[in-house]
Amino acid sequence: MAIKTILCIEDDRFIGEMYVRSLKKAGYEVDWLVGGNDGLIAARNKHYDLILLDVMLPERRGNEILDSLRGGKEDLIPDTKVIVLTNFEQDDESRMAMEHHADGYLIKAEITPRKLLSVIDGLS
Amino acid sequence: MEVIENESIDAEREIENYWHIFLKRSLTILSAVEVIVSIIIVSTLMLTNLIPATLFSFILILLVTTIWLVTVNVYLFKFLVKPFRDLVSAVVHVSSGTARAIPPNPNFYHYDKDGFKEILQSVYELSVKRTQPKKHITSLDEQLTQGLNHTTTGVIVLDKKRQVIYANNAAPTHIDSEGKRVLDLIFPDNSNLDTWLDKTESSLRSENQWSRVANKPLGDTDRRLYDVAASYQKNNAAETVITLFDRTDLYAPEEDDLDFISFAAHELRGPITVIRGYLDVLEDELSPVLKNDQAELMQRLIVSSNRLSTYVNNILNASRFDRRHFKVHLNEETLNTIYDSIKDDMQLRAASQNRLLTIDIPKSLPTVAADANSVGEVLSNLIDNAIKYSNEGGLVQVVARPISGFVEVSIIDRGIGMPSNVIQNLFHKFYRSHRSRETVAGTGIGLYICKAIVESHGGIVTARSAEREGSTFTFTLPIYDTVADKLKADNNSNETLIDQGSGWIRNHSMYRG
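Worth saying up front: this structure is predicted, and the values here are computed from it rather than measured. (Residues numbered from 1 in each chain as written. Chains lettered and ligands numbered in written order. Predicted model: local features only at pLDDT ≥ 70, side-chain atom pairs only at ≥ 80, totals over all residues. Heavy atoms only, no water.)

*Asks:* Would you explain the pattern of salt bridges in this entry?
*Replies:* Pairing between side chains of opposite charge can happen when their charged atoms approach one another. Enumeration according to the criterion identifies 27 salt bridges over all chains in this entry. Lys 108 of chain A serves as the salt-bridge partner of Glu 10 of chain A, at 2.8 Å between the closest nitrogen and oxygen. Residue Glu 10 of chain A is located in the loop between β1 (5–9) and α1 (13–25), and its partner Lys 108 of chain A is located in the loop between β5 (104–107) and α5 (113–123); the two are separated by 98 residues in the primary sequence. Here Lys 108 of chain A falls in the buried class, since its relative accessible area comes to 3%. Each of the salt bridges in this network shares a partner with another, and the network as a whole consists of Arg 307, Asp 345, Arg 349, Asp 384 and Lys 388 of chain B. (Salt bridge = Lys/Arg side-chain N within 4 Å of Asp/Glu carboxyl O. Helix = DSSP H or I, 4+ residues; strand = E, 2+ residues; numbered from the N terminus. Buried < 20%, exposed > 50% of the residue type's maximum accessible area, 1.4 Å probe, protein only.)

Structure, rendered in structure tokens:
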């Protein structure tokens, strides 16, 4: 499945803009939301091929969003890939829980936009 | 209060006087009866002419008979009335509350024999019960329950179905929506109470301990941290007994520190992300227009921001390691794949400082059991050190080879080297040699965390050096095949669980075979 549409849930303005800029330049359609609640609503209302999910978000944390989408009996986004992008060093249990429901878990400081593009390429 | 006291003293006096009144009355009646009986006896004897009927003989015989009868009866009376006297005496003693007289002894020989002992003792017992404050506790169970509820040590008892059948006040439990009492304890994923009980149910008895078990997730209010001990005995009505020692005061400050470092790292990584990200973007987009040394300056920016990122990781890892929160997840990896993930960064660092970095990792090397990210950090720390401590134009070599069960990786430089007395302190936290303190930047925890990571894999890290000749840092990683069975056995033979881990860092010596 080729990835075309991407939802980026990221509250840091600079980081968000940086990802959106590179992703759009690479030809993806990108929606960018800064709040946890808005992010969850967008993820449920529209189909995306990929969600880039931050953890430390206002209103609703990334792990809660992932839990709402994939933690229940039914996977609400079966045709969507999820990459968790965070700079927060979570404790092992929380990290494991998120990795279990996600297709990737990356530390933002270690991932430049170019590397992110190659990771997304690898997912397609 | 005074009135009541006077009344009770009066009552005591009345009881005490009663014995004298009783004695006087009894003896008077007895004596009178004896006199009458004596008169009847003497008169009968005179009338039947058995004795001479003179006044003298009448008075004499009457006197003798009376004295004899009174003596015998008084003696008999004393003997027969003794229990009654002692009973009164005991009541007097008990009611007075003070030992004014010696209390009657219930162990008197006859009393022991005829059972009066019990009657006297019950008088004393009644008095003991009366004088003791009234208690609500009637059974041992209640006493135990009250005792367990005032201790700060949590006690939880589970039955065969692992249901809570008892939990004292200090035990972290709550009632769930189905009305069942459940434990509020967050055990480590790979070693929780249920997995231990699953394993242990095949044995007759077993014990286990956990350290730093929290009742709530990090960040929640009133989070407590416990050391937990559980003991299991098969077929006991109370099959599993869990004891919890609240160690929050001891562990919480450390957790707060860790929390602070995690948040601080998060803050630092934000700007680093943007700097590294845009540098990467700009290098790509600006490369056609950069003039003269601008491209090199750009590279220095990139190298510096990459180093900054490494330092933040080192601080985080060291902090976690010190608090035993550092875990490695061992998977089957090739050394080449691990190096590839840091290759660009390392080549850039070497090039920007005019060092030649050569890598000799044979493709034929066996796979290793490694945590790719952590080993990547070891490699980049050691290569970065070699770059920093070597000379302009110098050569840095990375070579790898298999040696009995391990893959050995060496990072060799021809740089400034170190005197031998420095080497033994190299892997200590914050240690930096006198010279490096002045000439080279760094935090002094790079080698400390390298050692921690390598040893957590079951490998060792060593250093050899000679001043002005250079240094060689060597570390080993276990060959995957030699530890695969142990890794799998640790995780219920489920390969997907292998990367779920291996417990605390200090437990990892077990993978050394």
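Resuming the write-up.
*Asks:* Please clarify how the interface of chain A and chain B should be interpreted in this entry.
*Replies:* In many analyses, interface size is given as the accessible surface area lost on bringing the parts together. Taken together, the contact pairs 25 residues of chain A with 27 residues of chain B. Each partner contributes to the roughly 2400 Å² buried at the junction of chain A and chain B, and carbon and sulfur atoms together form 52% of this total. Where chain A packs against chain B, one counts 5 salt bridges. Where chain A packs against chain B, one counts 12 residue pairs in polar contact (both at pLDDT 80 or more). Contributions of two or more residues to the side of chain A that touches chain B are made by α1, α4 (92–101) and α5 of chain A. Considering only residue class, the side of chain A that touches chain B consists of 10 nonpolar, 4 polar and 11 charged. (Contact = heavy atoms within 4.5 Å. Buried area = accessible area lost by both parts, 1.4 Å probe. Polar contact = N/O pair within 3.5 Å; in protein donor to acceptor, adjacent residues only side chain to side chain. Nonpolar A, V, L, I, M, F, W, Y, C, P; charged D, E, K, R; others polar.)

*Asks:* Whenever I open this one, the packing of helix α8 (residues 294–322) of chain B against helix α13 (residues 446–456) of chain B confuses me. Can you help?
*Replies:* Packed helices, taken two at a time, are described by their axes: the angle between them and the distance between them. Residue and element names in this part refer to chain B. The interhelical angle for the contact between α8 and α13, taken along N-to-C directions, is 55°, at an axis separation of 10 Å. If you check the angle between α8 and α13, you find them oblique. Between α8 and α13 lies a crossing of left-handed hand. Across the interface between the two elements, Asn 314, Asn 317, Ala 318, Phe 321 and Asp 322 of α8 pack against Gly 446, Tyr 448, Ile 449 and Ala 452 of α13. Classifying every residue of the contact of α8 with α13 by side-chain character gives 5 nonpolar, 3 polar and 1 charged. (Axes fitted to C-alpha atoms, helices over the stretch in contact; angles between N-to-C directions. Parallel < 35°, antiparallel > 145°, perpendicular 65-115°, else oblique. Left-handed = near helix turned anticlockwise from the far one by under 90°.)

*Asks:* Just checking my understanding: could you explain unusual backbone geometry for this structure?
*Replies:* Excluding glycine, a negative phi dihedral is what most residues carry, and trans is how most peptide bonds are arranged. Not every positive phi belongs to a glycine, and Glu 59 of chain A is a case in point at roughly 70°. Along the chain, the position of Glu 59 of chain A falls in the loop between β3 (50–53) and α3 (62–70). Phi is positive for Arg 212 of chain B, close to 55°, though the residue is something other than glycine. Along the chain, the position of Arg 212 of chain B falls in strand β5 (residues 205–214).

*Asks:* Teacher, can you tell me more about the confidence of the model for chain B here?
*Replies:* Low pLDDT marks regions whose predicted coordinates should not be analysed in detail. All names here are of chain B. Of all residues in chain B, 85% attain a pLDDT of 70 or more, and the chain-wide mean is 81. Ranking the elements of chain B by mean pLDDT puts helix α12 (residues 434–439) last, at 52, and strand β12 (residues 406–413) first, at 96. Taken together, the stretch residues 1–5 has pLDDT below 50 and engages in 0 contacts with residues farther than four places along the chain or on a different chain. In the model, residues 491–513 has pLDDT below 50 throughout and makes 57 contacts with residues more than four positions away in sequence or in other chains. (pLDDT = per-residue confidence, 0-100.)

*Asks:* Is there a simple way to think about the sheet that holds strand β14 (residues 470–478) of chain B in this case?
*Replies:* Picture the strands of a sheet paired through backbone hydrogen bonds; they go either parallel or antiparallel. Residues and elements named next belong to chain B. Reading across the sheet, the 5 strands line up as β9-β11-β12-β14-β13 and stay open at both edges, with mixed pairing between neighbours. The sheet is open, and its two edges are formed by β9 (356–360) and β13 (461–466), each paired on a single side. Between one strand and the next, the sheet's axes are offset by a mean angle of 15°, whatever the strand orientation. Pairing of β9 with strand β11 (residues 395–403), which is carried by 5 bridges, proceeds in the parallel orientation. Bridging from a neighbouring strand, Thr 358 pairs with Gln 397 of β11. Its contacts with the sheet put helix α9 (residues 335–352) on β9, β11, β12 and β14, and the angle it makes with β9 is roughly 170°. (Pairing = 2+ DSSP bridges.)

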